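Below, each chain spelled out in residue letters.
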Amino acid sequence: MPPTPPVPPTDPGATLLRVEGLAKAYVPAKPVFADVSFTMQRGEFVCIIGHSGCGKTTILNVLAGLDTATGGHAFMDGREIVGPSLTRGVVFQSHALMPWLTVRKNIAFAVESRWPDWSRKQVDEQVVRFVELVGLGAAIDKKPSQLSGGMKQRVGIARAFAIQPRMLLLDEPFGALDALTRGTIQDELMRIVRQTQQTVFMITHDVDEAILLADRILLMRNGSETSSGYLPGNIAESVANPLPRERTRAGLHHLDGYYALRNHIVDFLVTRAKAT
Amino acid sequence: MRRSLNLKAALLSLLLLAVFLGIWQVATMTTAPVAAQPTLTPEQIEYQKMLGKNPEPGGQAKASGFPTPAEMGATAWRQLSNPFYDNGPNDKGIAIQLAWSLGRVGLGFLLACLVAVPLGFVIGMSPLLHKAFDPFIQVLKPISPLAWMPLALYTIKDSSTSGIFVIFICSVWPMLLNTAFGVASVKREWLAVASTLEVKPLRRAFRVILPAAAPTILTGMRISMGIAWLVIVAAEMLVGGTGIGYFVWNEWNNLSLTNVIFAILLIGVVGMLLDLAFAGLQRKVTYVE
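Quantities reported herein were computed from a predicted structural model and do not represent experimental measurements.

A tally of regular secondary structure across chain A gives 7 helices and 12 strands. Against the globule reference of 19 Å for 276 residues, chain A gives a C-alpha radius of gyration of 19 Å, in line with a compact fold. In chain A, buried positions account for 43% of the 276 residues. Pairs at least 24 apart in sequence give 72% of the contacts found in chain A among residues at least 6 apart.

What follows is the structure, given as structure tokens:
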């Protein structure tokens, strides 16, 4: 067993992430979004939902340290985020596996980056553990090109989990998958997140996905021209998920409050989220 | 299905070879000595010989004629059965000559690798350097490598080293451009993965960018090697001394067409083997996305 515990230090309820007045402008007069503020608790699963172009991915990239905001700040554990860090794992929409490496080596690359002084054996143990966590033990020595889209995304998830980050950032991880595969991996992700008490920030377009996975759903509005001038995009609402935390995809629509929540989000997306 | 296609292709190749050899044989057949040839006086024979002609019966057609396939075969056999002899500066075995050429190509190519790959890396990583270097590369690239020869001979003052320099200068461009292109077109997402994992620049260069760009770099190397092998023959004809190019030139001066043809064939075969070797390397580093 590797010396580090599989579960990141958790203290549920404590604030892990604080975003204050974040803004991004490519044209100074018309920021894509401005004054975006929210917080995330440790162990919380937050989904952000909104139409294309509202700036979700930019927010995620700022949190990942891959992009810089033009205004505002983001703090994790009280320290400002200024660049990429191993404490924040990222799962990319396009899985971003290195095609010349096998599954094992792809994940080992991440593990070696996280713990450079680990022995080869320790690294391999960690790799095997997380590959098995996503159920890909049989494909561990295959190259990504030999895997299906869903399996590749699983490897991407395993890679992000394997470095045991303080927070996980998922950029529409299931966007490119078919509905069936998507469902299976959602269940899997939920199981792993519950098991590891991971803090997750995830972008999605899928309302049901958000309802299934998230403890809280941030509804984001696009920037728009109004009669009183340009209104930059922002988080319009933060909806707490009232459904019990132990829920399954199959039983989701039987839960009390599911339809009310779903209708609320869909109404938002249809009528309020986008400029007319 | 595929096997039968290969078999058919091989048979057709053999047929083409046979036809080619047949035509060659027919075209170079010695015409029977004309019976009505007037008998020459010893003085006339002497005179003919001084003019470079062979007045012996049948010798006329043979001396000025192109070698026959059989003569070629004999020469090839003679050369290949004793490839390592060394009878002084102008008479060395074919393997020794080839080794000189391959050595020069190898050395020049290696030096070019050492310059082109790191420089291409830097140029590929930095749009600023790419723009800054571009005009120089664009001007230097189309220069025939042999045009450098006088300058090289004057500055280096050594013909063999000048040959190596010419190989260097012709190999460097395709490798440089391909490396820069390969490095510049490494997928952003792989670099993003590397930065979220806080991978140090050197490790990123060797573990992410190099493998990602390797197929493109190898393509550049393959092109460079092809050009280097083309250029070495011309370069050695120019600087003389040793090497397969010099061998061709020397045998031309000896009017030994069989040796010239043999060398031409050999240059082709070695060039093909070099290309095959690089194709193999290329396959090794190529990945499927």
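Scanning chain B from terminus to terminus reveals 12 helices and 0 strands. Walking chain B from its N terminus toward its C terminus, one meets helices and strands in the order α-α-α-α-α-α-α-α-α-α-α-α. Its C-alpha atoms give chain B a radius of gyration of 26 Å, clearly above 19 Å, the size a compact globule of 289 residues would have. With the C-alpha coordinates of chain B rotated into their principal frame, the extents come out at 95 × 60 × 35 Å. When the 289 residues of chain B are sorted by exposure, 29% land in the buried category.

If you want to describe how two helices pack, look at the angle between their axes and the distance between the axes. All names here are of chain A. Packing of helix 3 (residues 120–133) against helix 4 (residues 149–162) brings their axes to within 9 Å, and their N-to-C directions diverge by 135 degrees. One way to sum up the angle between helix 3 and helix 4 is to call them oblique. The handedness of the crossing between helix 3 and helix 4 comes out as right-handed. Touching Gln126, Val127, Phe130, Val131 and Leu133 of helix 3 are Ala158, Phe161 and Ala162, all from helix 4. Tallied by class, residues from the contact of helix 3 with helix 4 come to 7 nonpolar, 1 polar and no charged.

All names here are of chain A. Strand order in the open sheet made by the 4 strands is 2-1-4-5, with antiparallel pairing throughout. Two strands lie at the open edges of the sheet, namely strand 2 (33–41) and strand 5 (79–80), each paired on one side alone. Taken together, the 6 bridges between strand 1 (residues 15–24) and strand 2 define a ladder with antiparallel strand orientation. Bridging from a neighbouring strand, Leu22 pairs with Val36 of strand 2.

Listed by partner, the interface residues are 15 residues for chain B and 17 residues for chain A. Counting residues per element, the ones that place at least two in the side of chain B that touches chain A are helix 9 (188–196) and helix 10 (201–239) of chain B. Ranked by the residues each element gives to the side of chain B that touches chain A, the list is headed by helix 9 of chain B, at 6 residues. In the side of chain B that touches chain A, the residues fall into 9 nonpolar, 2 polar and 4 charged.

Turning to the confidence of the model for chain A, a few remarks are in order. For chain A, the average pLDDT comes to 89, and 95% of its residues sit at 70 or higher. The spread of mean pLDDT over the elements of chain A runs between strand 10 (residues 224–226) of chain A, the lowest at 85, and helix 2 (residues 103–114) of chain A, the highest at 96.

A few words on the pairing of strand 4 (residues 71–76) of chain A. All names here are of chain A. Taken together, the 5 bridges between strand 1 and strand 4 define a ladder with antiparallel strand orientation. Counted as the bridge partner of Leu17 is Met76 from strand 4. When strand 4 meets strand 5, the two strands line up antiparallel, connected through 2 bridges. Considered in strand 5, the bridge of Phe75 is made with Glu80. Counting the residues between successive antiparallel strands, the hairpin from strand 4 to strand 5 contains 2 residues, one of them, Asp77, with a positive phi of roughly 50 degrees.

Calculation criteria
Residues numbered from 1 in each chain as written. Chains lettered and ligands numbered in written order. Predicted model: local features only at pLDDT ≥ 70, side-chain atom pairs only at ≥ 80, totals over all residues. Helix = DSSP H or I, 4+ residues; strand = E, 2+ residues; numbered from the N terminus. Rg over C-alpha atoms; globule rule 2.2 N^0.38 Å. Buried ≥ 20, exposed ≤ 12 C-beta atoms within 10 Å, placed from the backbone. Contact = placed C-beta atoms within 7 Å. Axes fitted to C-alpha atoms, helices over the stretch in contact; angles between N-to-C directions. Parallel < 35°, antiparallel > 145°, perpendicular 65-115°, else oblique. Left-handed = near helix turned anticlockwise from the far one by under 90°. Nonpolar A, V, L, I, M, F, W, Y, C, P; charged D, E, K, R; others polar. Pairing = 2+ DSSP bridges. pLDDT = per-residue confidence, 0-100.

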